[in-house]
Amino acid sequence: MDVQKAYVLSNDITIPSVGFGTWQIPDGKTAYDATLMAFKHGYRHIDTAAAYGNEPSVGRAIRDAKIPRSEIFVTSKLHAQKKGYQITLDEFQETLDRLGTDYLDLYLIHAPKPWGESGDGSEYHARNIESWKAMIELYHQGKIRAIGVSNFLPMHLDPLIEATSFIPHVNQIYLCPGAPQNDSVAYARAHNILIEAYSPFATGRLFQVELIHELARRIHRSPAQIAMRWSLQKGHLPLPKSVNELRIKENIDVFDFELSESDMAILDILDVPPKVRNA
Ligand SMILES: NC(=O)c1ccc[n+]([C@@H]2O[C@H](COP(=O)([O-])OP(=O)(O)OC[C@H]3O[C@@H](n4cnc5c(N)ncnc54)[C@H](OP(=O)(O)O)[C@@H]3O)[C@@H](O)[C@H]2O)c1
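Everything numeric here is computed off the predicted structure, so don't read it as measured data. (Residues numbered from 1 in each chain as written. Predicted model: local features only at pLDDT ≥ 70, side-chain atom pairs only at ≥ 80, totals over all residues.)

**Description of the overall build of the protein chain**
Alright, step 1. A count of helices and strands for the protein chain gives 10 helices and 10 strands.
Alright, step 2. For a compact globule of 279 residues, the expected C-alpha radius of gyration is about 19 Å, and the protein chain comes in at 18 Å, within 12% of that figure.
Alright, step 3. Taking the principal axes of the C-alpha coordinates as reference, the protein chain spans close to 55 × 40 × 35 Å.
Alright, step 4. Here the protein chain holds 279 residues, and 46% of them are scored as buried. (Helix = DSSP H or I, 4+ residues; strand = E, 2+ residues; numbered from the N terminus. Rg over C-alpha atoms; globule rule 2.2 N^0.38 Å. Buried ≥ 20, exposed ≤ 12 C-beta atoms within 10 Å, placed from the backbone.)

**Quick look at the environment of alanine 80**
Alright, step 1. For alanine 80, the location among the structural elements is in the loop between strand E5 (73-78) and helix H3 (85-99).
Alright, step 2. Accessibility expressed as a C-beta count within 10 Å gives 23 for alanine 80, which makes it buried.
Alright, step 3. Separated by 59 residues in sequence, alanine 80 and glycine 21 have C-alpha atoms that sit 18 Å apart.
Alright, step 4. Apart from the residues lying within four places of it in its own chain, the contact partners of alanine 80 are Ala51, His110, Ala111, Pro114 and Trp115. (Contact = placed C-beta atoms within 7 Å.)

**As for the site of the ligand**
Alright, step 1. Near the ligand, the surroundings consist of 30 residues, among which Gly21, Trp23, Tyr198, Ala224 and Lys241 are the closest.
Alright, step 2. A total of 3 residues in the shell around the ligand trace back to one element, the largest contributor, which is helix H9 (residues 245-252). (Near = placed C-beta within 6 Å.)

**Regarding helix H1 (residues 29-40)**
Alright, step 1. When the terminal C-alpha atoms of H1 are compared, their 16 Å separation across 12 residues agrees well with the 16 Å that a helix rising 1.5 Å per residue should span.
Alright, step 2. Turning to H1, its buried residues are Ala31, Tyr32, Ala34, Thr35, Met37, Ala38 and Phe39.
Alright, step 3. Directly after H1, the chain includes glycine 42, whose backbone phi takes a positive value near 105°. (Expected span 1.5 Å × (residues − 1).)

**Concerning the sheet that holds strand E4 (residues 45-47)**
Alright, step 1. The sheet built from 8 strands is open, its strands ordered E3-E4-E5-E6-E7-E8-E9-E10 with parallel pairing. Of all the strands in the sheet, just strand E3 (20-21) and strand E10 (237-239) have a single pairing partner and so form its edges.
Alright, step 2. Direction of pairing for strand E6 (residues 104-109) relative to strand E7 (residues 144-150): parallel, over a ladder of 5 bridges. By the bridge assignment for E7, leucine 106 is matched with alanine 146. (Pairing = 2+ DSSP bridges.)

**Regarding the pairing of E6**
Moving residue by residue along a regular strand, the side chains alternate between the two faces of the sheet.
Alright, step 1. With 6 of 6 residues buried, E6 lies mostly within the body of the structure.
Alright, step 2. Between the parallel elements E5 and E6, the chain passes through H3 in a crossover that is right-handed.
Alright, step 3. On the question of chirality, the crossover connecting E6 to the parallel E7 by way of helix H4 (residues 125-140) is right-handed. (Right-handed = clockwise from strand over helix to strand, strands pointing away.)

**Let's talk about the nonpolar core**
Alright, step 1. Among the nonpolar cores identified, the biggest contains 74 residues, and Ala38, Tyr107, Cys176, Ile195 and Ala227 are the most heavily contacted of them.
Alright, step 2. Contacts of tyrosine 107, omitting those with residues within four sequence positions, involve Ser76, Leu78, Phe92, Met135, Ile144 and Ile147. (Core = buried A, V, L, I, M, F, W, Y, C linked by C-beta atoms within 7 Å.)

**Examining the pairing of strand E9 (residues 194-198)**
Alright, step 1. The buried fraction of E9 is high, at 5 of 5 residues.
Alright, step 2. Neither face of E9 is left uncovered, since the one carrying Leu194, Glu196 and Tyr198 and the one carrying Ile195 and Ala197 both have all their residues buried.
Alright, step 3. As judged from the 5 bridges shared by strand E8 (residues 170-174) and E9, these two strands associate in the parallel manner. Paired with tyrosine 174 across the two strands is tyrosine 198, which belongs to E9.
Alright, step 4. Of the crossover connections in this fold, the one passing from E8 over helix H6 (residues 182-191) to the parallel E9 is right-handed.
Alright, step 5. As paired elements, E9 and E10 share 3 bridges and run parallel to each other. Paired with alanine 197 across the bridge in E10 is proline 238.

**Let's talk about unusual backbone geometry**
Alright, step 1. Positive phi is not limited to glycine here, since aspartate 12 has a value of about 75°.
Alright, step 2. Inspection of the secondary structure assignment puts aspartate 12 in the loop between strand E1 (6-8) and strand E2 (14-16).
Alright, step 3. The phi angle at glutamine 181 is positive, at roughly 50°, despite the residue not being glycine.
Alright, step 4. Position of glutamine 181 relative to the elements: it lies in the loop between E8 and H6.

Following this line, the structure appears as structure tokens:
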């Protein structure tokens, strides 16, 4: 099965099908070097967030990369704790200033409710709608090329769409072997929303599973490459993170092999240790 090197969003914007994840990469030399290594090995899509604290170094690497800005797809996210119309406009400008760019390719509401809060997030529907209206405004002003959400379930998406008739271009969710997120994927397909698969290696826990190592030995690829390929063959956009140059390279070197349907099915139900927290 062929996989695409780029997808086209519902507004006809092209987005590279692998994005470089930057959560837990400290601001400063580590984030700067890792982002430049990603460019060196062919990534043209960088995923950061206000909450990651590394926008300044990621932005500096983008400017120093000697690649036209128009050839790099830059995503950032509105902090989960910041919700509302004006605060979203202000936060967006701060993100642009930290990144040192004058537009974003993609801006996401990081989570439906502030981190650390219990509840299903429904008490934040109204404030998410206000943030969403601000993002639509920025989109219409041409300051963001695509807008979306992250960690949103169908129950969080419905109110946004009902209130504004504007369907997010992207939903970025936790999705990896063993966690195929069938309900969110079905909703996304029905609404022409691209799914970005964050934590494609379950933040590293995937490598504790012996079965993926067995599969890797059998088909002569690495466990990480198998996880990447599984995500791409499903039509998702995986966001692998690494600070190690060999791994950064390995994680995007996934366009020359194919997983069989039976191996895909094994990965769907892989028993990966559960995650403990969100980013
Ligand atoms: N929207 C959200 O709420 C949210 C939440 C989580 C993540 N994300 C996004 O998704 C990105 C990726 O998710 P993640 O950071 O949770 O982690 P991940 O990409 O699933 O896994 C990263 C871990 O795997 C290791 N690793 C990477 N490549 C490897 C390889 N080829 N072989 C062996 N180990 C490898 C990394 O270590 P080394 O760095 O040492 O290589 C790191 O410990 C984030 O960086 C972020 O951009 C978004």
